[in-house]
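# Observations on the three-dimensional arrangement
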Amino acid sequence: MGRDLDDIDRSVLYLLQKNARNTTAQEMADTIGVSASTVRNRINQLESDGIIKGYHPEINYEKANLPLKVTFIITVPPTEIGEYSERIRQTKGVIDIREMITGRRNLYVDVVATNSPELTQITDAMHSLGVEIESSELVRRRRVQPFNHFFLQGIKDESAHQLSREITDEE
């Protein structure tokens, strides 16, 4: 079970989700209204508690010459979902796997490819693992924003909602 977060923790998480790479502890402290050492201590604690698991770049795959992004919806035996997930993860081109609770359509696998033949190779590799691909969806765009429960302390709901919209619009 996780721990309860206070306003400072939520504010730190919000600002890290907004722009972790280009925001200093001092800038976050100024925004939140605490000291930079408090921000650094909170980040260290959130990391050691496993709440922050890492910092990952958001990649524009199309600009990286990987214009095809496809989500495969797959069915595997529910009792073996972890094993299948790990085997699928080893497939070239797989960038994300989400394990679902339901019995059918229980793996969502995102892949990237440069062209249709490469996408066919990825599909063939997954079929060779014995999975049932229920459907595949070509992804046009993905938009993310900070979770709205993480907010800057002292900001009312409407202001936080406006900030979330601004983050999305900056993409």
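## Considerations on the overall build of the protein chain
The helix and strand tally for the protein chain stands at 6 helices and 4 strands. The order of helices and strands in the protein chain, counted from the N terminus, is α-α-α-β-α-β-β-α-β-α. Of all 171 residues assigned to the protein chain, the portion counted as buried reaches 34%. For the protein chain, contacts bridging at least 24 residues in sequence account for 67% of all contacts bridging at least 6. When the accessible surface of the protein chain is split by element, carbon and sulfur atoms take 48% of a total near 11,200 Å².

## Focus: the packing of aromatic side chains
Taken as a whole and judged by the stated rule, the model has 0 aromatic pairs. Residue placement shows Arg-87 over the ring face of Tyr-84; its charged tip is 4.5 Å from the ring centre.

## Thoughts on helix α1 (residues 7-19)
Here α1 is 13 residues long and its end C-alpha atoms lie 18 Å apart, about the 18 Å a rise of 1.5 Å per residue gives. Taken as a whole, α1 has its buried residues at Ile-8, Asp-9, Arg-10, Ser-11, Val-12, Leu-13, Tyr-14, Leu-15 and Leu-16. A distance of 3.1 Å separates the backbone nitrogen of Ile-8 from a side-chain oxygen at the start of α1, and that oxygen is part of Asp-6.

## Some thoughts on unusual backbone geometry
Phi angles above zero are rare outside glycine, and Asn-65 is one such case at about 60 degrees. Topologically, Asn-65 is positioned in the loop between α3 (36-48) and β1 (68-75). Not every positive phi belongs to a glycine, and Arg-105 is a case in point at roughly 55 degrees. Within the secondary structure, Arg-105 sits in the loop between β2 (94-99) and β3 (107-113).

## Some words on helix α2 (residues 25-32)
All of the buried residues in α2 are Ala-25, Met-28, Ala-29 and Ile-32. Across the axial projection of α2, the buried residues extend over an arc of 100 degrees, all falling on one side. Buried residues along α2 sit in contact with α1 and α3. Phi turns positive one or two residues past the end of α2, at Gly-33, with a value near 95 degrees.

## Thoughts on the environment of Gly-130
Within the element layout of this structure, Gly-130 appears in the loop between α5 (116-128) and β4 (132-138). Sequence separation between Gly-130 and Val-76 is 54 residues, and the spatial gap between their C-alpha atoms is 8.4 Å.

## Notes on the sheet that holds β4
With antiparallel pairing, the 4 strands of this open sheet are ordered in space as β2-β3-β1-β4. Each edge of the open sheet carries a strand with a single partner, namely β2 and β4. Direction aside, the axes of adjacent strands within the sheet are offset by 20 degrees on average. Where β2 meets β3, 5 bridges bridge the pair, whose relative direction is antiparallel. Across the sheet, the residue bridging to Ile-97 is Val-109, located in β3. The strands touched by helix α4 (residues 81-89) are β1, β2 and β3; relative to β2, the strand with the most contacts, the crossing angle is about 170 degrees. Running over the sheet, α5 touches β1, β3 and β4 and is turned about 145 degrees from β3.

How each quantity is defined
Residues numbered from 1 in each chain as written. Predicted model: local features only at pLDDT ≥ 70, side-chain atom pairs only at ≥ 80, totals over all residues. Heavy atoms only, no water. Helix = DSSP H or I, 4+ residues; strand = E, 2+ residues; numbered from the N terminus. Buried < 20%, exposed > 50% of the residue type's maximum accessible area, 1.4 Å probe, protein only. Contact = heavy atoms within 4.5 Å. Areas by Shrake-Rupley, 256 points an atom, 1.4 Å probe, with all protein chains shown as cover. Phe/Tyr/Trp six-rings, centres within 6.5 Å; stacked < 30°, edge-to-face > 60°. Lys NZ or Arg CZ within 6 Å of the ring centre and 35° of its normal. Expected span 1.5 Å × (residues − 1). Polar contact = N/O pair within 3.5 Å; in protein donor to acceptor, adjacent residues only side chain to side chain. Arc of directions from axis to C-beta. Pairing = 2+ DSSP bridges. Axes fitted to C-alpha atoms, helices over the stretch in contact; angles between N-to-C directions.

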